[in-house]
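# Structure at a glance
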2 protein chains.
Amino acid sequence: MSVTYEYPRPALTVDCVVFGLDAEDLKVLLIQRGIEPFAGRWALPGGFVRVDESLEDAARRELREETGIGEVFLEQLYTIGTPGRDPRERVVTVAYYALVKLSDHTIRAATDARNAAWFAVDDAPPLAFDHDRILAMAHERLRGKVRYRPIGFELLPPKFTLRQLQHLYEAVLDRTLDKRNFRKKIIRMGILVDLDEIETDVAHRAARLYSFDKKKYDRMTRQGFNFEI
Amino acid sequence: MSVTYEYPRPALTVDCVVFGLDAEDLKVLLIQRGIEPFAGRWALPGGFVRVDESLEDAARRELREETGIGEVFLEQLYTIGTPGRDPRERVVTVAYYALVKLSDHTIRAATDARNAAWFAVDDAPPLAFDHDRILAMAHERLRGKVRYRPIGFELLPPKFTLRQLQHLYEAVLDRTLDKRNFRKKIIRMGILVDLDEIETDVAHRAARLYSFDKKKYDRMTRQGFNFEI
DNA sequence: ATAGTATAGTGTACAATCAACACTATGTCA
DNA sequence: TGACATAGTGTTGATTGTACACTATACTAT
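The rules behind the values
- Residues numbered from 1 in each chain as written.
- Chains lettered and ligands numbered in written order.
- Predicted model: local features only at pLDDT ≥ 70, side-chain atom pairs only at ≥ 80, totals over all residues.
- Core = buried A, V, L, I, M, F, W, Y, C linked by C-beta atoms within 7 Å.
- Buried ≥ 20, exposed ≤ 12 C-beta atoms within 10 Å, placed from the backbone.
- Contact = placed C-beta atoms within 7 Å.
- Helix = DSSP H or I, 4+ residues; strand = E, 2+ residues; numbered from the N terminus.
- Least-squares fit on C-alpha atoms with pLDDT ≥ 70 in both.
- Nonpolar A, V, L, I, M, F, W, Y, C, P; charged D, E, K, R; others polar.
- Pairing = 2+ DSSP bridges.
- Domains from an automatic or database assignment.
- Axes fitted to C-alpha atoms, helices over the stretch in contact; angles between N-to-C directions.
- Parallel < 35°, antiparallel > 145°, perpendicular 65-115°, else oblique.

## Thoughts on the nonpolar core
A:V17, A:A98, B:V17 and B:A98 are the most contacted members of the largest nonpolar core, which totals 95 residues. Ignoring sequence-local partners within four residues, the contact set of B:A98 consists of B:C16, B:V18, B:F19, B:L63, B:V72, B:F73 and B:L74.

## Digging into unusual backbone geometry
Residue and element names in this part refer to chain A. Here E36 and P37 are connected by a cis peptide whose omega angle stands at -5 degrees. One can find P37 in the loop between β3 (26-32) and β4 (42-43). Backbone geometry at F38 places phi at a positive 65 degrees, although glycine is not the residue there. Along the chain, F38 turns up in the loop between β3 and β4. Among the residues examined, F38 registers 17 C-beta atoms within 10 Å and is labelled partly exposed.

## Notes on the relation of the copies chain B and chain A
Under the fitted operation, chain B is carried onto chain A by 0.0 Å of movement along the axis and a turn of 180 degrees, and the coordinates agree to an RMSD of 0.0 Å. These values place the two chain copies in the arrangement generated by a two-fold rotation axis. Measuring from the rotation axis to each C-alpha of chain B, the shortest distance belongs to B:T4, at 2.1 Å. Mapped onto chain A, 100% of the interface residues of chain B are again interface residues, and the two copies thus contact each other with one and the same surface.

## Some points on the interface of chain B and chain A
Size of an interface, as often reported, equals the accessible area lost when the parts are brought together. Across the contact, 27 residues belong to chain B and 27 residues belong to chain A. Contributing elements (two or more residues each) for the side of chain B that touches chain A: β1 (3-5), β2 (11-21), β6 (73-80) and β7 (91-99) of chain B. When grouped by side-chain class, the residues that make up the side of chain B that touches chain A number 14 nonpolar, 8 polar and 5 charged. As paired strands, strand β1 (residues 3-5) of chain A and β1(B) are joined by 3 bridges and run antiparallel to one another. The partner of A:Y5 across the bridge, within β1(B), is B:V3.

## Quick word on the domain arrangement of chain A
Residues and elements named next belong to chain A. According to the domain assignment, chain A consists of domain 1 (11-145) and domain 2 (152-223). The gap between the C-alpha centroids of domain 1 and domain 2 is 27 Å. With 11 residues of domain 1 at the contact, the number on the domain 2 side is 9 residues. Every element with two or more residues in the side of domain 1 that touches domain 2 is listed here: β2 (11-21) and α2 (131-145).

## Considerations on the pairing of strand β3 (residues 26-32) of chain B
Residue and element names in this part refer to chain B. Counted residue by residue, β3 has 6 buried out of 7 residues, so it is predominantly covered. Between β2 and β3, which pair antiparallel and follow one another directly, the connecting turn spans 4 residues. Note that β3 and strand β8 (residues 116-120) share 5 bridges and pair antiparallel. Bridge assignment links L29 to a residue of β8, and that residue is W118. Note: β3 against strand β4 (residues 42-43), 2 bridges, orientation antiparallel. Bridged to I31 within β4 is A43.

## Considering the packing of helix α4 (residues 162-173) of chain A against helix α5 (residues 179-189) of chain A
All names here are of chain A. Interhelical geometry of α4 versus α5 gives an angle of 100 degrees and a closest axis separation of 11 Å. By the criterion of interaxial angle, the relationship of α4 to α5 is roughly perpendicular. Residues L162, L165 and Q166 of α4 pack against K179, F182, R183 and I186 of α5. Per-class residue counts for the contact of α4 with α5 are 4 nonpolar, 1 polar and 2 charged.

## Points about the environment of B:L168
Residue and element names in this part refer to chain B. Checked against the element boundaries, L168 lands in helix α4 (residues 162-173). The exposure class assigned to L168 is partly exposed, which follows from the 18 C-beta atoms found within 10 Å. Placed 78 residues apart in sequence, L168 and R90 show a C-alpha to C-alpha distance of 38 Å. In this structure L168 touches L21, G152, L155 and L156, once residues within four positions along its chain are discounted.

Below, the structure is given as structure tokens:
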């Protein structure tokens, strides 16, 4: 079922930068390409936009197909259409970035035997096409976003310690933060619910557990705030 | 010279939200459509992306062709591809927003006799397609941007009074600001050069003239800052 | 000329936030 | 049981945010 147009049209794709957080690093989800060009190279999950689906639907569909990830926080990042970025033909790609809880998603490779794996953002392999640049843009956007929108809910488990939350901010901002000032700031925001239990976290240390006050969290997400610390 | 593809492809366009500032309002530049659909309705300047030009080049070309505007500050806003947004066929549009000095550009209509005119952003007519929504997004983006990036340079003449700068912020943020606090804040930023001349501005009042310290202005544009006032 | 009007310009005081900094208590592991 | 790693906690000085009122000057209309 081929189609004929009066003028040539660029092909349209979506690509997703999927961020997750573990005990060490901010991670990004990559898939290994099975076909040329760049066969064997790691790349962002993505693919062609169908003519009857919205851009965001296309992004979610590709994520599901290639990595098994269902519900996620997904936001448009940037659209890149530099001629020559795909050696085959003119391809314009709408890049999205997603935030997921690592524990929520057991990543499975796509059915066509391509690998999917998590990489530390600062230690990712060279990527296919201009995906390095897209990844860098996404990281930069996340860094910017964190300054005026809370992001913890999307990346942390339902119960977490303040240390984990601080770790998230340190991973995203790529610098260390003062523990006391961080706690003061976060608590002043009033988005935390103190669960008042002491459990042991991953490293078997006792720590107070928190969750987010969903209402206040959403309000701050809409209104924005100033996170300079 | 028609082209055949294996699968149908969305058409790809660019649209530009062009902001300007005059003594009363924040303005937006619109063109009146000459052809169906929405013939006679006002719309954002824009058009199809050619297969060999970058997205930004396409935006600049359309601006030049339809309004005569050459060099401008131009930044990508968002890409919209909701199926059905164009009644003819699936069209994905990459929206840009531009900031121009009103005085720099005598707007001329395109050669195909379509009108071009400035409208107050808060008093724009109903637009063609989903351009109302794009305009609202652009205004929102500008409002957000102004909180952490300086925007005066792109919208004001080379010499301006603090009152004009304040007026710009008031127009973009859509609220009044305290004169003394505004002056303190801006001056503390250190991006102004006091020209130390008293001239008469538009309203024939004497006022001190300033210009931007280009170096510091650019640094703040890169680094960002906190503009809460 | 003069009275009325519109605008520019200026300072203070209180509150909130930022930023720097060190020690104790407790659980873990060898 | 000793060494080590982590959680938790407060104060102080500097900076910034915010609220608020009056004078001087230029222009306008009579």
